[in-house]
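# Geometric and topological summary
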Amino acid sequence: MAEIPAGDGNAPLRQHMGNARIATFTARKDPELNVTDERLIVALDLPEISGARELAARLGDSVSFYKIGLGLLAGGYLALAEELKKTQGKRVFLDLKLFDIAATIEATVRALTRVGADFLTVHGDPHVVRAAREGAGSSELKIIGVTVLTSLDRKDLDASMIVNGPASGIVVERAARAYEAGADGVICSPLEAAAVRALPESHGRLIVTPGVRPSGSDPGDQKRTATPSGAIAAGADHIVVGRPIWKSADPKTAAAAILAELAGA
């Protein structure tokens, strides 16, 4: 896949992409400044908005970045996003995995920029990514393309009649196409992070990895997993962790253990 060529009117886009990854490293753990490591994104994948709010309250200042998934869509999704972002000063990741015709994607993303969220997932198809990037305009919203879900492996892809080849190869190909279409970053499992990071197109772009599990924890429905430090070592900028934190008897301690592991990564 070719890099975005110079001298073609894409300078603002290239500058935008260069800033995208740099911005993620401005809030690493610093005991003197009491700044939280934003590489950890906690997934608020609880069944009720009230539970999500309670979890955020229990985690307090120890966590500064939250993902809100589709499970909360009917319970006040955008109100929660705005509350976390505008009232509590958290970073917010809208995990909506949008997929539709270009006009609809562009209009939807343009509307979502009013929430002030930081990340938004869309399917990694180039036409979707391009439309989402257009909808995001000059806002700070980062468009993150989904490659292959971390709950799927090659057997699942066979059942879905997805193209032949190893799952890792499909992820890398979709990541390259999403980057070329203007994605600020991609979603992939930790197992593909190194190969995606090796792409020339990944320079200045983000890699966000779900499917991250602390050593010894239950993988649940995740099939392509790694530890927090393993994901970062492979090239991920952010890890997404949900159930190992919110299912814990002490979510704050569980999050602190992950943050400690990241500090040494």
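Just above sits the structure.
Here the structure is a predicted model, which means the values were calculated and not measured.

Rules used throughout
Residues numbered from 1 in each chain as written. Predicted model: local features only at pLDDT ≥ 70, side-chain atom pairs only at ≥ 80, totals over all residues. Heavy atoms only, no water. Pairing = 2+ DSSP bridges. Helix = DSSP H or I, 4+ residues; strand = E, 2+ residues; numbered from the N terminus. Axes fitted to C-alpha atoms, helices over the stretch in contact; angles between N-to-C directions. Contact = heavy atoms within 4.5 Å. Core = buried A, V, L, I, M, F, W, Y, C linked by side-chain atoms within 4.5 Å. Buried < 20%, exposed > 50% of the residue type's maximum accessible area, 1.4 Å probe, protein only. Salt bridge = Lys/Arg side-chain N within 4 Å of Asp/Glu carboxyl O. Phe/Tyr/Trp six-rings, centres within 6.5 Å; stacked < 30°, edge-to-face > 60°. Right-handed = clockwise from strand over helix to strand, strands pointing away.

Quick look at the sheet that holds strand 3 (residues 91-98) now. The strands that make up a sheet pair up through hydrogen bonds in the backbone, lying either parallel or antiparallel. Sheet architecture is closed into a barrel: eight strands sit in the order 1-2-3-4-5-6-7-8, paired in parallel fashion. Across the sheet, the mean angle separating the axes of adjacent strands is 25° when strand polarity is ignored. Direction of pairing for strand 3 relative to strand 4 (residues 119-123): parallel, over a ladder of three bridges. Bridge pairing in strand 4 places L94 opposite L120. Across the face of the sheet, helix 7 (residues 167-180) comes into contact with strand 5 (142-146), strand 6 (185-187) and strand 7 (206-209) while running at roughly 150° to strand 6.

Of all hydrophobic cores here, the largest spans 63 residues; its most connected members are L40, I68, L94, V109, L120, V196 and I239. For this core, the element with the highest residue contribution is helix 7, accounting for seven residues. Listed in part, the 11 residues of the second largest apolar core include F119, I187, V208 and V240.

Before going further, it helps to examine the pattern of salt bridges. Applying the stated rule across the entire model yields 14 salt bridges. In this structure, the salt-bridge partner of D37 is R39, at a minimum N-O distance of 2.7 Å. Where R133 meets D184, a salt bridge forms, and the shortest distance between an N and an O atom there is 2.5 Å. Taken together, the residues span a long stretch of sequence, with R133 in helix 5 (residues 126-136) and D184 in the loop between helix 7 and strand 6 at a distance of 51 residues. Here D184 falls in the buried class, since its relative accessible area comes to 0%.

Glancing now at the packing of aromatic side chains. Scanning the entire structure with this criterion turns up two aromatic pairs. Ring pairs connect the aromatic residues F65, F93 and F119, which therefore count as one cluster.

The subject of this paragraph is unusual backbone geometry. Of note, K97 is a non-glycine position whose phi angle comes to about 45°, a positive value. Structurally, the position occupied by K97 is in strand 3. The class of K97 is partly exposed, set by a relative accessible area of 28%.

Attention now goes to the pairing of strand 7. What you see with strand 7 is no split at all: L206 and V208 on one side and I207 and T209 on the other are buried throughout. In the sheet, strand 6 pairs with strand 7 via three bridges, with the strands oriented parallel. Looking across to strand 7, one finds that G185 is bridged to L206. At this point the chain moves from strand 6, through helix 8 (residues 190-197), to the parallel strand 7, and the crossover so formed is right-handed. Sheet analysis places strand 7 next to strand 8 (residues 238-241), joined by two bridges and oriented parallel. Following the sheet pairing, V208 is matched in strand 8 by H238.

All quantities given are derived from atomic positions and should not be read as evidence of function.
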